[in-house]
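# A look at the structure
Take a look at the letters that make up each chain.
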Amino acid sequence: MFRRFRLSIRSVFATPPWVVLCAGGAPTRGMDTYSARANTIFCTFCTVLGTTAVLSHLSTFLPMDQFDVRTSGNVQLNMVHDLIPNSHLNSDQSFLSFHLNHNLSQEFHWNMNQLFLYLVVTYNDTASNMRNEVTVYDKIIRSPEAARFKQRNLMNEYPLRDQFRELRDQKAPVCQSFTG
Amino acid sequence: MVGVMELYAMLRAGSMDFVGQKQAFNMQFYFIWASGVIGFLHGFFAQRFLYTFAWVFGTSAFVALTCLPPWPMWNRHPVAWLEPKDRDEDDEPKAKKETSSAKKAAKKKNK
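Residues numbered from 1 in each chain as written. Chains lettered and ligands numbered in written order. Predicted model: local features only at pLDDT ≥ 70, side-chain atom pairs only at ≥ 80, totals over all residues. Heavy atoms only, no water.

### Remarks on the pattern of salt bridges
Residue and element names in this part refer to chain A. Defined as follows: For this analysis, a salt bridge means a side-chain nitrogen from Lys or Arg found within 4 Å of a carboxyl oxygen belonging to Asp or Glu. Exposure categories follow from relative accessible area, calculated using a 1.4 Å probe and restricted to protein chains: below 20% of the type maximum is buried, above 50% is exposed, and the middle band is partly exposed.
Under the criterion given, the structure shown has 3 salt bridges over all chains. Arg 131 is the partner of Glu 133 in a salt bridge, and the nearest nitrogen-oxygen pair spans 2.5 Å. For Arg 131, a relative accessible area of 55% puts it in the exposed group. Three or more residues joined by partner-sharing salt bridges are found here, namely Asp 65, Asp 68 and Arg 70.

Here it is in structure tokens:
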């Protein structure tokens, strides 16, 4: 029993540590079966794919042209269509339209294939809240072509709705954000 | 060359000889890692990670076909077993002792 234990330990340490690391385990000795070999191949596959994925992420920090981000975007309020109290929710809400143009195509590279763009209206210091942020518009950008965009008179997708009835007389800056 | 029935028996048994095991392990190890390096470079310059995945996955599929089943190429170095000793010669002294002791016991009982 004891002798067997010592032998197995020795067989693990007889394998160079970098092989154990890179192949996800020591090559099997003695028990050579379909499942043992499948396990070895699958482990190597996963390790290599994971390594390339990590390297792909790290490569985006390289000071190269394709990883350089030069984006531009601009939002302009067209008009506020209405500003009415929502009696059911007991809150002010407003519908508005805006002009939107952006060029985010530089964001795309081999580790960035999709952008989530959203438009946030921010207004501060109402009677109840120090800070209000309402998302009124969003979209998913799936290609560099779709990342070049210019459109006038876009309606909001979601109403600009206050938590209470405190939206009146607020100056709201609109800000555009996107995440990968 | 290996006959069809021999190949069938080999695949069914599922075992490689010791040299074959080591060769198969080395082959899958170096092939998949090399494809990872090539695929990374290809994907980097084409700026598409799908190419990297295709390289690694394709090579893994190829390796699974070549290194997973115990093809005859992995069974070219069978272990040379020693000739077995003759069983009867080995057992003879033991049998003699048993019989002699049995005789002694019988004699004691008779006395």
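### Description of helix H3 (residues 49-67) of chain B
In plain terms, the rule: Helix and strand labels come from DSSP, where a helix needs a run of H or I of at least four residues and a strand needs a run of E of at least two; each type is numbered from the N terminus. Residue count minus one, scaled by 1.5 Å, sets the expected span of a helix. A contact between two residues is defined here by any heavy atoms of the two lying within 4.5 Å.
Here H3(B) is 19 residues long and its end C-alpha atoms lie 26 Å apart, about the 27 Å a rise of 1.5 Å per residue gives. Turning to H3(B), the residues buried within the fold contact helix H3 (34-59) of chain A together with helix H2 (18-46) of chain B.

### Details of the packing of H3(A) against H2(B)
We apply this condition: Here, axes are lines fitted to C-alpha atoms. For helices the fit covers the stretch in contact, and angles between N-to-C directions go from 0 to 180 degrees. In this scheme, roughly parallel covers angles under 35 degrees and roughly antiparallel covers those over 145, while 65 to 115 is roughly perpendicular and the rest are oblique. Crossing handedness follows the turn of the near helix against the far one: under a right angle anticlockwise gives a left-handed crossing, and clockwise gives a right-handed one.
Look at H3(A) against H2(B): their axes get within 10 Å of each other, and the N-to-C directions meet at 25°. Between H3(A) and H2(B), the angle is such that the two are roughly parallel. Once H3(A) is placed against H2(B), the crossing between them reads as right-handed. On H2(B), the residues that touch A:Thr40, A:Ile41, A:Thr44, A:Phe45, A:Thr47, A:Val48, A:Thr51, A:Thr52, A:Leu55, A:Ser56 and A:Ser59 of H3(A) are B:Phe25, B:Gln28, B:Phe29, B:Ile32, B:Trp33, B:Gly36, B:Phe40 and B:Phe44.

### Thoughts on the packing of H3(A) against H3(B)
The geometry of H3(A) relative to H3(B) is characterised by a closest axis approach of 10 Å and an angle of 165° between their N-to-C directions. Judged by the angle between their axes, H3(A) and H3(B) are roughly antiparallel. The interaxial crossing formed by H3(A) with H3(B) has right-handed handedness. Residues A:Arg37, A:Ile41, A:Phe45, A:Val48, A:Leu49, A:Thr52, A:Ala53 and A:Ser56 of H3(A) lie in contact with H3(B), whose contacting residues are B:Phe49, B:Thr52, B:Phe53, B:Val56, B:Phe57, B:Ser60, B:Val63, B:Ala64 and B:Cys67.

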